[in-house]
Amino acid sequence: MAMTPRYAAAEAERRWQTTWAEQRIYQFDAHDPRPLFAIDTPPPTVSGELHIGHVYSYVQAEAMARFWRMQGYNVYYPFGFDDNGLPTERYVEQKHGIRARDLRRDQFIGICLETSRAVEDRFEGFWKRLGFSVDWRLRYSTIDPQARAISQWSFIDLYRKGLVYRAQAPNPWCVECQTAIAQAEIDDAERDTIFYTLAFGLAAGGPEQPRADQPGAQLLIATTRPELLPACVAVFVHPSDPRYTGLIGQAAIVPLIGRPVPILADQAVDPQKGTGAVMCCTFGDTTDVDWWKTHQLPLIALVNRQGRLSADGGPYAGLTLAQARKQIVADLREHALLLAEQPSRQSVRIHDRCKTPLEILETSQWFIRVLDAKDALIAAGRQIAWHPAYMQTRYEHWVANLGWDWCISRQRFYGVPFPAWHCPGCGATILADETQLPVDPAAATPPRACACGSTSLLPDTDVMDTWATSSVSPQIAALRWDEIAGTAARDPIGARARTTALRPMQLRPQAHDIIRTWAFYTIVKSHYHFGAPPWEALMISGHGLDPSGHSIHKSLGNSPITPDALIARHGADAVRYWACSGSVGADQAIDEATMKQGTRLITKLWNAARLIELQLAGDRPQREHADLPATISDLQWPDRALLSWLQRLITHATERFRSYEYAAALEASERFFWGTFCDNYLEWVKGRLYDGSSSERQAAQRTLAHTLRDILKLLAPIMPHISEEIYQHLYGQASGGASIHISAWPQPDTALIDEAAERAGAALLAITSAVRRFKSSHQLGLGAPLARLAVAAGDAELRAMLEQCAADIRSVTRAQVLAFGAEPAGEAAAPGLWVAIEQ
């Protein structure tokens, strides 16, 4: 059936998505002998709706999957959803207007599971609308039995290796989510605050110092957290600060509280900040933690897990932190102990999920050791190819500046349980057997009694951080592989994790904001479990930006338009075009103008293909095969020039794709199509196509068909629907109807590289440009005839080649008389080339 005058994107995209699924074009075969290319695809978090920022990064990765498939690889492209842990819990709470702590645990988990399934089905439908080449049989979730089992196996393996430990220690705590969090989940935020200058008393004086009951016996301290006064355990000054050297070793009296605390010296004090004297509270910040450890100070657990003051708060016990601040400030004023209030800006650490300022509480948590492995983890990162390369520096900077071991336990409800029980008698930990996995220790029997003989074992009630599961996504993918390959029941989980054919995977695509989490944690797990990197390459994407230049996030709800609306307005291929016009690692604003440019490219491809289809009508061998003539000598100079340039384009685009520079490959292919192919070559050969001899016409026809086929393949990873539609119209019969997306990627043919032809082609381009400038300056249409065109070339060989191109020159210039000479005449079109034009 002939191509229609206009391309109906919406209809064609739906039709091809259905056809690809029905024909199982992207179905993975674990027994395929071709080399494997395995992709560790990011499982999007079930914590809101997909937005255009997701489209931006996921399309870039999907285009690479298509490229490597056409390169002849057996692409393993599993897709999952991260649906366990705090992000999903918060989403469910907000969506349903409930709080997990108000429901039975099994009730809340049931709601989470039901909500997750519905959201994931919707997400899958959306990715299909974008034309994703995914084998959806491989879909997984991080709460499914396989994921829970591999996550629990990981914990057990690291525990046995001494890399996991449980400790009562200060750790960041979110009072809103009421759980411990890891360092990687901390963001910084600026806020307005007040520097309060407080008057501490002095408990005793030295030879030159007055006693506390004498006038002026005060030590001034500036703080932004007066609500922590009941937890003050020391005052610190710089050892070289002359204002305070006489006070070091003495005691200060905490205002309102009346408790004496030591005045100590430490190099970490900044004498220029505030009054130069700092109160240490347990705990206001990480410096307090360091001082508490270094100087062996007492611990006052002032803030409880709900963000209220404990009994140690004395008269302020039970108040929230905000209430305590208000009351303590009022009391300080009343007792003339508040000497100054200075407005200030402050950087505070907040939980990245709920944006609540964090506290530091001493709690019992599970940790994975990372602080003593920094050098090894940096070395592991250097075994991976980073795209773009500078993103490796971000990773190394993060590792070098780690201040905490990785806290993997959460005091929440919906997540992967720790496969452990605790002995209340001797404190020992009893791990589950691998055959029990996945296991919920609250509902299962311990595999054995404690070594002390006790059978009254208590299940661990915490759940794992969601990253503790997503960090084993390569191993989850391996279990899905086993299922597809029919070997799922062959080995226990641990054995299968160690013997997987997917180590290392070839590619991990992800955004730059989760280098500190997903990339880092996966490298940690792979290094500890296997002593090897998890992937060969990392492709780091940027963010889609809203009109104000901010990154788009589900939690912010700042996407100016939904992805579904964009697809409805512009079509999937145009949206994909926008996504792949952004360079790897670079942020890019949502730009519908770029999507419209994608639509123009689609229209131009369609129109060019229709012209070629009309020229090939009734000439089936050329249409079906797009083969070139048996000998290159049967081609004209413009044909040979185009084909030579095409080989260089194929080489360049392939190199760019292989370096994950898809935007550069797209730009080069599009520029070649618009400029070289459509604006010039098509105009050169129209005369031959309509009025040339049989051999001249056939040379142009075959060159057109061959070049368009390769252009379609170069664009296919980014614009899969339009490339498939045209490919099937023009070349489907020759390919047996097979999809362009499982056809071979174009290979440059060195026999077609022809520098002489390129020289002739460059001269043709120069002549064409000179004539177009002339017509534009004389307000003539491009199709307007010229009375006479004289072309002069000082080089006899070039002049002879141009004379052989006379038909193509007449075609593009509409010159009624065409003359060639050797002497300069008219405008210099290029070095050694002149044109004289008569209207």
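Nothing here was measured: the structure is a model prediction, and the numbers come from that model.

> Quick one: what's the story with the overall build of the protein chain, residue by residue and with numbers?
Counting its regular elements, the protein chain contains 24 helices and 29 strands. Based on the C-alpha atoms only, the size of the protein chain along its principal axes is roughly 115 × 65 × 45 Å. Counting across all 839 residues of the protein chain, residues that qualify as buried make up 57%. A total accessible area of about 33400 Å² is found for the protein chain, and carbon and sulfur atoms account for 50% of it. Put simply, the protein chain has 82 plus and 92 minus side-chain charges, and the middle of one group is 3 Å from the middle of the other.

> Account for the layout of surface pockets, naming residues and giving values.
A probe matching the size of a water molecule, rolled over the atoms, marks out where space remains unfilled. Of the volumes computed, that of the second largest pocket is approximately 1200 Å³. In terms of lining residues, the second largest pocket is bounded by 45 residues, among which Thr224, Arg225, Gly284, Asp285 and Gln346 are the most central. Those elements that place two or more of their residues in the lining of the second largest pocket are strand E7 (186–202), strand E8 (218–223), strand E12 (277–281), helix H6 (286–294), helix H7 (321–334), strand E13 (338–351) and strand E14 (359–368).

> Give a detailed account of empty space enclosed by the protein, specifying residues and quantitative values.
Following the criterion strictly, the structure yields six cavities of 30 Å³ or more and no others. Within this model, the largest cavity holds a volume of roughly 80 Å³. Lining of the largest cavity is provided by 14 residues; of these, Leu86, Pro87, Arg410, Asp465 and Thr466 occupy positions nearest its centre. Elements represented by at least two residues in the lining of the largest cavity include exactly helix H3 (86–96), strand E21 (463–464) and helix H10 (466–470). It is H3 that provides the largest number of residues to the lining of the largest cavity, a total of three residues. Looking at the lining of the largest cavity residue by residue, the classes come out as six nonpolar, two polar and six charged. Its volume calculated, the second largest cavity comes out at about 60 Å³. What lines the second largest cavity is Ala182, Gln183, Ala184, Val370, Trp398, Leu402, Trp404, Asp405, Trp406, Arg516, Phe520 and Tyr521. Examining the composition of the lining of the second largest cavity, we find that three residues originate from one element, helix H13 (residues 515–530), more than from any other. Grouping the constituent residues of the lining of the second largest cavity by class yields nine nonpolar, one polar and two charged.

> Got a sec to walk through the nonpolar core? Specific residues and values, please.
Core analysis: the biggest nonpolar cluster contains 136 residues, and Trp127, Leu130, Phe677, Ile726 and Leu789 have the highest contact counts within it. Looking at which element gives the most residues to this core, the answer is helix H19 (residues 662–691), with 14 residues. In terms of nonpolar packing, the next biggest core, distinct from the first, is built from 70 residues, Ala182, Val370, Phe418 and Val524 among them.

> Account for the confidence of the model for the protein chain, naming residues and giving values.
Model confidence for the protein chain is summarised by a mean pLDDT of 92, while 95% of its residues fall at 70 or above. pLDDT under 50 marks residues 206–216. Its contacts with residues more than four places away, or in other chains, come to 11 contacts.

> For the pattern of salt bridges, give the residues involved together with the corresponding values.
Summed over all chains, the structure comprises 44 salt bridges. Note that aspartate 121 is salt-bridged to arginine 139, the shortest N-O span being 3.0 Å. One end of the pair, aspartate 121, is in helix H4 (residues 105–129); the other, arginine 139, is in the loop between H4 and strand E4 (140–141), with 18 residues separating them in the sequence. We classify aspartate 121 as partly exposed; its relative accessible area is 48%. Here glutamate 359 makes a salt bridge to arginine 225, at a shortest N to O gap of 3.1 Å. Placement of glutamate 359 in strand E14 and of arginine 225 in the loop between E8 and strand E9 (232–237) is noted, with a sequence separation of 134 residues between them. We classify glutamate 359 as buried; its relative accessible area is 6%. Taking relative accessible area as the criterion, arginine 225 reaches 13% and is therefore assigned buried. Connected through salt bridges with shared partners, the residues Glu120, Asp121, Glu124, Lys128 and Arg139 form a single ionic network.

> Please set out H3 residue by residue, giving values where relevant.
H3 sits mainly inside the fold: eight of its 11 residues count as buried. The complete set of buried residues in H3 reads Leu86, Pro87, Thr88, Glu89, Arg90, Tyr91, Val92 and Glu93. If you follow the buried residues of H3, they end up packed against H4, strand E6 (179–180), E13 and H10. Of the residues one or two after H3, glycine 97 is the one with positive phi, at around 65°.

> An account of the packing of aromatic side chains is requested, with residue identities and associated values reported.
The full count for this structure, using the stated rule, is 45 aromatic pairs. Relative to phenylalanine 132, the ring of tryptophan 127 lies with its centre 4.9 Å away and its plane at 20°, an arrangement referred to as stacked. A relative accessible area of 0% means that tryptophan 127 is categorised as buried. Between the aromatic rings of phenylalanine 236 and tryptophan 291, the centroid separation amounts to 4.2 Å while the plane-to-plane angle is 20°, which identifies the pairing as stacked. Of this pair, phenylalanine 236 sits in strand E9 while tryptophan 291 is found in helix H6, placing the two residues 55 residues apart along the sequence.

> If you had to explain H13 to someone new, which residues and values would you point to?
The buried fraction of H13 amounts to 14 of the 16 residues, a majority that puts the element mostly inside the structure. Glycine 531 sits one or two positions beyond H13 and adopts a positive phi of about 65°.

> Requested: an account of the environment of glycine 732, with residues and values cited.
As for its position among the elements, glycine 732 is in the loop between helix H21 (720–731) and helix H22 (755–777). Along the backbone, glycine 732 and arginine 333 are 399 residues apart, and their C-alpha atoms lie at a distance of 85 Å. Setting aside anything within four residues of it in sequence, one finds glycine 732 in contact with Tyr727 and Gly737.

> Got a sec to walk through the sheet that holds strand E22 (residues 505–511)? Specific residues and values, please.
One open sheet accounts for three strands, arranged E15-E23-E22; its pairing is parallel. Looking at the sheet topology across the chains shown, the edges are occupied by strand E15 (385–387) and E22. Here the strands of the sheet are splayed against their neighbours by 20° on average, with no regard to which way each runs. Two strands pair when backbone bridges link them, and E22 and strand E23 (residues 535–541) are joined in this way by six bridges, in the parallel orientation. For leucine 507, the partnering residue across the bridge sits in E23 and is alanine 537. In the packing of H13 onto the sheet, the strands contacted are E15, E22 and E23, and the crossing angle to E22 comes to about 160°.

Cut-offs used in this document
- Residues numbered from 1 in each chain as written.
- Predicted model: local features only at pLDDT ≥ 70, side-chain atom pairs only at ≥ 80, totals over all residues.
- Heavy atoms only, no water.
- Helix = DSSP H or I, 4+ residues; strand = E, 2+ residues; numbered from the N terminus.
- Buried < 20%, exposed > 50% of the residue type's maximum accessible area, 1.4 Å probe, protein only.
- Areas by Shrake-Rupley, 256 points an atom, 1.4 Å probe, with all protein chains shown as cover.
- Lys, Arg positive; Asp, Glu negative; His and termini not counted.
- Charge placed at Lys NZ, Arg CZ, Asp CG, Glu CD.
- 1 Å grid on protein atoms, 1.4 Å probe; cavity = no way out; pocket = protein on both sides within 12 Å on 5 of 7 lines; lining within 4 Å.
- Points joined across faces, edges and corners; volume = space filled by probe spheres on them.
- Nonpolar A, V, L, I, M, F, W, Y, C, P; charged D, E, K, R; others polar.
- Core = buried A, V, L, I, M, F, W, Y, C linked by side-chain atoms within 4.5 Å.
- pLDDT = per-residue confidence, 0-100.
- Contact = heavy atoms within 4.5 Å.
- Salt bridge = Lys/Arg side-chain N within 4 Å of Asp/Glu carboxyl O.
- Phe/Tyr/Trp six-rings, centres within 6.5 Å; stacked < 30°, edge-to-face > 60°.
- Pairing = 2+ DSSP bridges.
- Axes fitted to C-alpha atoms, helices over the stretch in contact; angles between N-to-C directions.

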